[in-house]
Amino acid sequence: MNELYLILALPAIGAVVLGLVRNLRMASWINLGVSAATFVVSVMLALRVLEQGPMHSDKLLVDPFNIYLLVLTSFIGLTTAIFSRPYMEHVCHTGQCSPQRMRLYHSMFQAFMFTMLLALSTNNLGILWVAVEGATLATVLLVSLYRTPEAIEAAWKYFILCGVGIAQALFGTVLLYFAAQHVVPNAEDGLNWLVLYQHAGELSPTVMGLAFVFLLVGYGTKVGLVPLHQWLPDAHSEGPTPMSAVLSGLLLNVALYAVVRIKMLTDGALATSGHPHMAGYLLMGFGLTSFLVAGLFLHRQRDIKRLFSYSSIEHMGLATFGFGIGGPLGTFAALLHMLVHSITKSSIFITVGHASHIAGTQAIDHIRGLIRTQPSVGWGLLFGVAAIAGFPPFGVFTSEFLLLSATIQSWPWLTVSLLTGLVIALAGLFRHLHPMVYGAVPEGQTAVKVNMIPVAIHLLLVLWIGLAIPAFLANWLDQAVQLITGEGLL
Amino acid sequence: MNLMHLSLLEQTMLVLSALALFLSFALLAQARLTTMVHLFAWQGGLLALLTAVVATVGGAHHLYISALLTLSLKALLIPWMLHRLIRRLQLERHQERLERQALVMMSGAALVIFSYWVVLPVARLELADTRNVVSLSLGIIQLGMLLMVVRRQAVAQVIGFMSMENGLFLAAVAATQGMPLVVELGIAFDVLVAAVLFGVFFFHIRESIDSLDVDLLTRLSEAEQEKLASEAEGDA
């Protein structure tokens, strides 16, 4: 367990220290160092869990489901920190952001990492809520970092919508605690995941059904499920790009993680009632709606970061749909999809950040000819988008293929809408991508200093997962599937 | 449920939560910001009192701590912060024009009935004597949301947000005799940080649009984006 405490302590201490460091260069290096240390410790923890199996204490919990998200979170935190160093330096040089605000940025970056890791590793449903709300509070000032009218508007919307949404989740948590108090031997443990799982079958189905709806709406707001997604494109497009990368790659995952854990409880409680699959149906409905609506919205975007945030909604919808179908295959596909989407999408946001520096704007109409001006950025964007659109041999293809198979197995008719949605999304992405990458170079466009190493690492990883899922990873995901559905796929 | 069978303290509890709901309606009808802050403070005070009553009824001693916490945070500290902000923003005399007052009040009443209907299956379980309070608290949450929807003034929206938190707190106290202490402390911390951040935002918004009317924040809506884009094309 020591590693787990260290994982939480590192970013927490980092946030405090970075709040005090005035030297910008030093701060960005410390930020990088803390992120790297967190990643190393999380890998050590993962190796330990692989060897010794799940661990838990009163407060914290590590099992196959959250350990893979813990490693993913600290990994993306690290690569984003690598990218953010030159990127934010460039932002500072152009005068968009004062040194004082940069201090806030670094400190809040680590605070955000802390809330994410806490939400994943806590054994307590209430602390999970506190951490997810804390993530909003840590990022809201970062969304408005540039203080443009648009940024302020985006941050206000983000604050209010997520605040109201997450309040519903708290009401759901209260209801769940209410149900648990009547069955759990020690009422104080009524929010403890492990205790709740042991007693899932005894929880009152009526109360749990109601609680699930509130919890789904609450955490679903954070996942960006349509029609609760309004904050997401704004917050992603107006905040600094490293923030978009971690919001899209981490926050959405963590919120979905919460939803899936609660679904496990609800399924247990409703198993003997009249609607045993209510939770799954709700997830499928929300997921499919998000997937289709976001795919259509891709076509009318004018801002490159808005474009990719709608693509995030689309993919989170797909993963939610997968969890809704349930069963070993659907769950495996959804878990894999969460993984590959995070890795790919954060690499795309990193590339997009560089591309908008080259063009000096985020407007798609004015980003042209990236391959000519700076081949690394142009090709990076092209491969990234090809990966996210689901082209083989990238990992997203694998997960979408598995998801389609699961759909054909249990809901053959829905395959049509899934395929249509995939084609719509593909067209939506490529009609914007083509001119940005190949178009004629505007006069005076020059290359900027970039660091494409994180992008290369991410894309190679996705390629690796797509060509041949490493045995340990498949095994790992399979253990998570066993935990969620009760039976393994492999 | 027969009210006469409840003990005096339990009846007190019901009365207090009903009063809290009444204050939510009063917030909905109040146009002056300073008065709204006062009403909000009273709601916080009622909740603190109610928590103390529940602590006495159920013998849950950790609830005395959360009663104290609620009193200091929701009845004193946050209202004081809001007051100071209103003074610094020179909004003491600000009076918002409330539109469709009757309609808003009627939908408020409808929302409360809706909350009763939602909680009905839970109430039928007869798991606790105080289930009635759960529907009242859901009503307070819904009214807080309604307040945020109908008001255009940023400060008023924040008061709606905070009164929603009050409803959540009431639900936790009444249905489950409060959350575990560490969760409750975490929630209180989040609420406090949120209150501070809202204060920061008031100044940012005013700097950016020279007003606190959040209806003017429309640059990022999908429709507006389309309009801006077509204007840009027209210029070209």
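Residues numbered from 1 in each chain as written. Chains lettered and ligands numbered in written order. Predicted model: local features only at pLDDT ≥ 70, side-chain atom pairs only at ≥ 80, totals over all residues. Heavy atoms only, no water.

A.B. asks: When you look at the overall build of chain A in this model, what are you seeing that I'm missing?
C.D. replies: What chain A contains, in helices and strands, is 19 helices and two strands. What you see for chain A is a C-alpha radius of gyration of 21 Å, in line with the 23 Å of a compact globule of 490 residues. Counting only C-alpha atoms, chain A reaches 70 × 55 × 45 Å along its principal axes. The contacts of chain A with a sequence gap of at least 6 include a subset with a gap of at least 24, amounting to 80%. A total of about 15,600 Å² of accessible surface is found on chain A, and carbon and sulfur atoms cover 66% of it. (Helix = DSSP H or I, 4+ residues; strand = E, 2+ residues; numbered from the N terminus. Rg over C-alpha atoms; globule rule 2.2 N^0.38 Å. Contact = heavy atoms within 4.5 Å. Areas by Shrake-Rupley, 256 points an atom, 1.4 Å probe, with all protein chains shown as cover.)

A.B. asks: Explain the overall build of chain B to me, please; I cannot follow it from the model alone.
C.D. replies: When helices and strands are tallied, chain B shows eight helices and zero strands. Taken from N to C terminus, the helices and strands of chain B fall in the order α-α-α-α-α-α-α-α. Within chain B, the proportion of its 236 residues that are buried is 54%. Residue pairs in contact within chain B that sit at least 24 positions apart in sequence constitute 74% of those at least 6 positions apart. Of the roughly 10,700 Å² that chain B leaves accessible, carbon and sulfur atoms contribute 64%. (Buried < 20%, exposed > 50% of the residue type's maximum accessible area, 1.4 Å probe, protein only.)

A.B. asks: What's the story with the environment of B:Ile187 in this structure? I'm lost.
C.D. replies: Tracing the backbone through its elements, the reader meets B:Ile187 in helix H7 (residues 181-209). A C-alpha to C-alpha distance of 28 Å links B:Ile187 and B:Trp117, two positions 70 residues apart in sequence. Those residues in contact with B:Ile187, other than ones at most four positions away along the chain, are A:Trp129, A:Val130, A:Leu170 and B:Glu165.

A.B. asks: Explain the nonpolar core to me, please; I cannot follow it from the model alone.
C.D. replies: In summary, soluble globular proteins display a tendency toward joint burial of nonpolar side chains. Within the largest apolar cluster, 269 residues are counted, with the highest numbers of intra-cluster contacts made by A:Phe112, A:Trp156, A:Tyr219 and A:Phe308. In this structure, A:Tyr219 is in contact with A:Leu125, A:Leu128, A:Trp129, A:Val132, A:Ile166, A:Ala169, A:Ala255, A:Ala258, A:Val259 and A:Ile262, ignoring residues within four places of it in sequence. (Core = buried A, V, L, I, M, F, W, Y, C linked by side-chain atoms within 4.5 Å.)

A.B. asks: How should the pattern of salt bridges be read in this particular structure?
C.D. replies: Where charged atoms from two side chains of opposite charge approach closely, those side chains can pair. Residue and element names in this part refer to chain A. Applying the stated criterion across every chain, the model contains nine salt bridges over all chains. Residue Arg-261 pairs with Asp-63 through a salt bridge whose shortest N-O separation is 2.8 Å. Residue Arg-261 is located in helix H10 (residues 241-270), and its partner Asp-63 is located in the loop between strand S2 (61-62) and helix H3 (64-93); the two are separated by 198 residues in the primary sequence. Taken as a pair, Arg-261 and Asp-63 share a single burial class, namely buried. The residue Asp-267 makes a salt bridge to Lys-263 at a minimum N-O spacing of 3.1 Å. Of the two residues, Asp-267 and Lys-263 both sit in helix H10, four residues apart, roughly one turn of that helix. Judged by its relative accessible area of 25%, Asp-267 is partly exposed. (Salt bridge = Lys/Arg side-chain N within 4 Å of Asp/Glu carboxyl O.)

A.B. asks: How should the interface of chain B and chain A be read in this particular structure?
C.D. replies: By a widely used convention, the size of an interface equals the accessible area lost when the partners come together. Facing 52 residues of chain B, the contacting portion of chain A comprises 49 residues. Around 4,700 Å² of area is buried between chain B and chain A when both sides are counted, 75% of it from carbon and sulfur atoms. Taken as a group, B:Phe201, B:Leu220 and B:Glu222 account for 16% of the area that chain B buries against chain A, more than any other trio of residues on that side. Along the contact surface separating chain B from chain A lie zero salt bridges. (Buried area = accessible area lost by both parts, 1.4 Å probe.)

A.B. asks: Sorry, what's going on with the environment of B:Pro79 here?
C.D. replies: Residue and element names in this part refer to chain B. Counting through the fold element by element, Pro-79 comes out in helix H3 (residues 62-88). Judged by its relative accessible area of 6%, Pro-79 is buried. Expressed as a C-alpha distance, the spacing of Pro-79 and Arg-100, which sit 21 residues apart in the sequence, is 27 Å.

A.B. asks: Honestly, the packing of aromatic side chains in this entry has me stumped. Any pointers?
C.D. replies: To describe a pair of aromatic rings, you give the distance between the ring centres and the angle between the ring planes. The tally for this structure, following the rule as stated, stands at 20 aromatic pairs over all chains. Summarising the aromatic geometry, the rings of A:Trp156 and B:Phe201 are spaced 6.3 Å apart at their centres and angled 55° between planes, so their arrangement reads as tilted. With A:Trp156 in helix H6 (residues 149-181) and B:Phe201 in helix H7, this pair bridges two chains. Judged by its relative accessible area of 0%, B:Phe201 falls in the buried class. Each residue in the set A:Trp156, A:Phe159, B:Phe161, B:Phe198, B:Phe201 and B:Phe202 is aromatic and connected to the rest through ring pairs, giving one cluster. Positioned above the aromatic ring of A:Trp29 is the side chain of A:Arg85, whose terminal nitrogen or guanidinium carbon lies 4.1 Å from the ring centre. The ring of A:Trp193 carries the charged tip of A:Arg261 above its face, separated from the ring centre by 5.7 Å. (Phe/Tyr/Trp six-rings, centres within 6.5 Å; stacked < 30°, edge-to-face > 60°. Lys NZ or Arg CZ within 6 Å of the ring centre and 35° of its normal.)

A.B. asks: Quick question: what am I supposed to make of H3(B) here?
C.D. replies: Think of an α-helix as turning once every 3.6 residues; residues three or four places apart then point the same way. Residues and elements named next belong to chain B. A rise of 1.5 Å per residue sets the reference length of H3, with its 27 residues, at 39 Å; its end C-alpha atoms lie 38 Å apart and thus fit the reference within 8%. Bending of H3 peaks at approximately 30° at the position of Leu-73. Backbone geometry just after H3 places Gln-90 at a positive phi near 55°. (Expected span 1.5 Å × (residues − 1). Bend = angle between axes of the 7 residues up to and from the residue.)

A.B. asks: What is the right way to look at unusual backbone geometry in this model?
C.D. replies: Across residues other than glycine, the phi torsion is negative in most instances, and most of the peptide bonds are trans. Residues and elements named next belong to chain A. Omega for the peptide link from Val-226 to Pro-227 comes to 5°, which places this bond in the cis form. Position of Pro-227 relative to the elements: it lies in the loop between helix H8 (205-223) and helix H9 (231-238). A cis amide bond links Pro-392 to the next residue, Pro-393, at an omega of 5°. Relative to the helices and strands, Pro-393 resides in the loop between helix H15 (375-388) and helix H16 (395-410). Despite not being glycine, Arg-147 shows a phi value in the positive range, around 55°. If you trace the backbone, Arg-147 turns up in the loop between helix H5 (125-143) and H6.

A.B. asks: Looking at this model, I keep getting lost on the side chain of A:Ser347. Mind explaining?
C.D. replies: Residue and element names in this part refer to chain A. Following the sequence through the fold, Ser-347 ends up in helix H13 (residues 327-359). A distance of 2.8 Å separates a polar side-chain atom of Ser-347 from the backbone oxygen of Thr-344. With residues near it in sequence (within four places) discarded, Ser-347 still touches Val-455, His-458 and Leu-459. (Polar contact = N/O pair within 3.5 Å; in protein donor to acceptor, adjacent residues only side chain to side chain.)

A.B. asks: Help me out: how do you make sense of helix H17 (residues 414-438) of chain A in this one?
C.D. replies: Residues and elements named next belong to chain A. Counted at 1.5 Å a residue, the expected span for H17 with its 25 residues is 36 Å, and the 36 Å between its end C-alpha atoms agrees. Restricting attention to buried positions, one finds in H17 the residues Thr-415, Leu-418, Gly-421, Leu-422, Ala-425, Gly-428, Leu-429, His-432, Leu-433, Met-436 and Val-437. Residues of H17 that are buried sit in contact with helix H11 (278-298), helix H12 (304-325), helix H14 (370-373), H15 and H16.

A.B. asks: Looking at this model, I keep getting lost on the side chain of A:Thr136. Mind explaining?
C.D. replies: Residue placement: A:Thr136 occurs in helix H5. When its relative accessible area of 1% is taken as the criterion, A:Thr136 is described as buried.

A.B. asks: Got a minute to help me understand the packing of H5(A) against H10(A) in this structure?
C.D. replies: The description of two helices packed together rests on the angle between their axes and the distance between the axes. Residue and element names in this part refer to chain A. Look at H5 against H10: their axes get within 12 Å of each other, and the N-to-C directions meet at 160°. In terms of their interaxial angle, H5 and H10 are classed as roughly antiparallel. In the packing of H5 onto H10, the handedness of the crossing is left-handed. Here Leu-125, Leu-128, Ala-135, Thr-139 and Leu-142 of H5 come into contact with H10, specifically with Met-243, Leu-247, Leu-251, Ala-258 and Ile-262. (Axes fitted to C-alpha atoms, helices over the stretch in contact; angles between N-to-C directions. Parallel < 35°, antiparallel > 145°, perpendicular 65-115°, else oblique. Left-handed = near helix turned anticlockwise from the far one by under 90°.)

A.B. asks: It is not clear to me how a nonpolar patch on the surface should be interpreted in this structure. Could you clarify?
C.D. replies: Residues and elements named next belong to chain A. A cluster of nonpolar residues, Leu-47, Leu-50, Trp-464 and Phe-472, forms a patch on the protein surface that exposes about 420 Å² of accessible area. On the secondary structure map, Phe-472 appears in helix H19 (residues 471-485). On the basis of relative accessibility, which here comes to 47%, the residue Phe-472 falls in the partly exposed class. (Patch = residues over 30% accessible without salt bridge, like charges linked within 9 Å, V, L, I, M, F, W, Y side chains within 5 Å.)

A.B. asks: Even after reading the chapter, I still don't get the packing of H13(A) against helix H18 (residues 453-467) of chain A, so can you show me in this structure?
C.D. replies: Residues and elements named next belong to chain A. At a minimum axis separation of 9 Å, H13 and H18 run at an interaxial angle of 150°. By the angle class used here, H13 and H18 are roughly antiparallel. For the pair H13 and H18, the crossing hand works out as left-handed. Judged by residue contacts, Leu-336, Leu-339, Val-340, Ile-343, Thr-344, Ser-346, Ser-347, Ile-350 and Thr-351 of H13 engage Pro-454, Val-455, His-458, Leu-459, Leu-461, Val-462 and Ile-465 from H18. Its residues placed into classes, the contact of H13 with H18 shows 11 nonpolar, five polar and no charged. (Nonpolar A, V, L, I, M, F, W, Y, C, P; charged D, E, K, R; others polar.)

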